[in-house]
Amino acid sequence: MPTIERLDLTSLDNASDLWRLQHAAYRIEAELIGVPDLPPLHDTTASLQASEETFWGCRDEDGELIGAIAAELAKDGSGVISRMMVNPDHLRQGIAGALISHMMQAWNEVRAWEVTAEARNLPAIALYERHGFQAADTFHPREDITMITMKLRAKT
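All residue numbers refer to positions counted from 1 along the written sequence of the respective chain. Thresholds applied to this predicted model are a pLDDT of at least 70 for local features of residues and 80 or more for the giving and counting of side-chain atom pairs; totals over whole chains, interfaces and linings are not thresholded and use all residues. For side-chain calculations, the full set of non-hydrogen atoms in the structure is used, while hydrogens and water are omitted.

Student: Explain the pairing of strand β3 (residues 65-73) to me, using residue names and the numbers behind them.
Tutor: Most of β3 is tucked away: 7 of the 9 residues are buried. Sheet topology note: the strand β2 (residues 54-59)/β3 ladder contains 6 bridges and is antiparallel. Bridging from a neighbouring strand, Trp56 pairs with Ile69 of β3. Any two strands with at least two DSSP-identified bridges between them are counted as paired. For helices the rule is a DSSP run of H or I covering at least 4 residues; for strands it is a run of E covering at least 2, with both sets numbered from the N terminus onward. Linking β2 back to β3 in an antiparallel pair, the connection comprises 5 residues, with Gly63 at a positive phi of about 90 degrees. One ladder, built from 7 bridges, connects β3 with strand β4 (residues 79-86); its direction is antiparallel. Residue pairing for β4: Gly67 is matched across the bridge by Val86. Each residue is assigned to one of three classes by its accessible area relative to the maximum for its type, calculated with a 1.4 Å probe on protein chains only: buried under 20%, partly exposed between the two thresholds, exposed over 50%.

Student: How would you sum up the nonpolar core? Please name residues and give values.
Tutor: Ranked by internal contacts, the top residues of the largest apolar core, which has 27 residues, are Ile69, Ile81, Met103, Trp113, Tyr128 and Phe133. Those elements that provide at least two residues to this core are β2, β3, β4, α3 (95-106), β5 (112-118), α4 (122-130) and β7 (145-153). Two residues qualify as a contact provided that any one of their heavy atoms is within 4.5 Å of a heavy atom in the partner residue. With residues up to four places along the chain from it excluded, the contact list for Met103 reads Trp56, Ile69, Ala71, Ile81 and Trp113. The set of buried Ala, Val, Leu, Ile, Met, Phe, Trp, Tyr and Cys residues whose side-chain atoms join them within 4.5 Å is what this entry labels a nonpolar core. One finds Leu18, Leu21, Ala30 and Met147 within the second-largest nonpolar core, a separate group that totals 20 residues.

Student: Would you mind going over α4 in detail, with residue names and values included?
Tutor: All of the buried residues along α4 are Ala124, Ile125, Leu127 and Tyr128. Viewed end-on, α4 has its buried residues packed into an arc of 160 degrees, placing them on one side of the element. Exposed and facing more than 90 degrees away from the buried side of α4 are Leu122 and Arg130. Tucked inside the fold, the buried residues of α4 contact β4, α3, β5 and β7. Following α4 by one or two positions, Gly132 has its phi on the positive side, about 95 degrees. Working note: the arc is built from the helix axis to C-beta atom directions.

Student: So what about the packing of aromatic side chains? Which residues, and what values?
Tutor: Only Phe, Tyr and Trp rings are paired, with Trp represented by its six-membered ring, and only when their centres lie within 6.5 Å; those with planes under 30 degrees apart are stacked, over 60 edge-to-face, the remainder tilted. Tallying each qualifying case throughout the model produces 3 aromatic pairs. With a centroid separation of 5.2 Å and an interplanar angle of 80 degrees, the aromatic rings of Trp56 and Trp107 are classed as edge-to-face. Of this pair, Trp56 sits in strand β2 while Trp107 is found in the loop between α3 and β5, placing the two residues 51 residues apart along the sequence. Residues Trp107 and Trp113 carry aromatic rings whose centres are separated by 6.2 Å and whose planes lie at 15 degrees to one another, so their mutual orientation is stacked. Every member of this aromatic cluster is reached through a ring pair, and the members are Trp56, Trp107 and Trp113.

Student: I'd love a proper account of helix α1 (residues 12-33), names of residues and values included.
Tutor: Expected span, for any helix, means 1.5 Å times one less than how many residues it has. Look at α1: 31 Å from first C-alpha to last across 22 residues, which is about the 32 Å you get at 1.5 Å a residue. Count one or two residues on from α1 and you reach Gly34, which has phi positive near 75 degrees.

Student: Would you mind going over the pairing of β5 in detail, with residue names and values included?
Tutor: Residues in a regular strand point their side chains to alternate faces of the sheet. In terms of burial, β5 is largely enclosed, as 5 of its 7 residues are buried. Pairing geometry for β4 and β5, over 3 bridges, is parallel. Residue pairing for β5: Val80 is matched across the bridge by Glu114. With 7 bridges connecting them, β5 and β7 associate as antiparallel partners.

Have a look at this one:
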């Protein structure tokens, strides 16, 4: 039975596990959308450790990090999902959904959430829609990338 925990990235082991997971997951997204140099692929263990994001990880029975989510609180108190990653060998097993649910429960005081997904990443868009997110806007950080901003207002 997988377990979800907040990741302490001051631990080099945790940061290294996260780096390996992030690179495996985002290489799949890079292939899916045809953009080989996605920004998360430029991260290092040190840049992950320096991040101000809060990370939660999902570990399998053997302790392997098989999924992770990161979020930040905006100045207005809303939450921003900044990263979502699942080990390619564990896709479509409910890990991403469990991470979203866990994070929202951990930060249950947050009433509004935002996430961005690349327009060609249909599995990610479908995941967020299943959790109640709705497309709100699009933007182009580069000419070869179209991002969709999705928003969720939590039930009060």
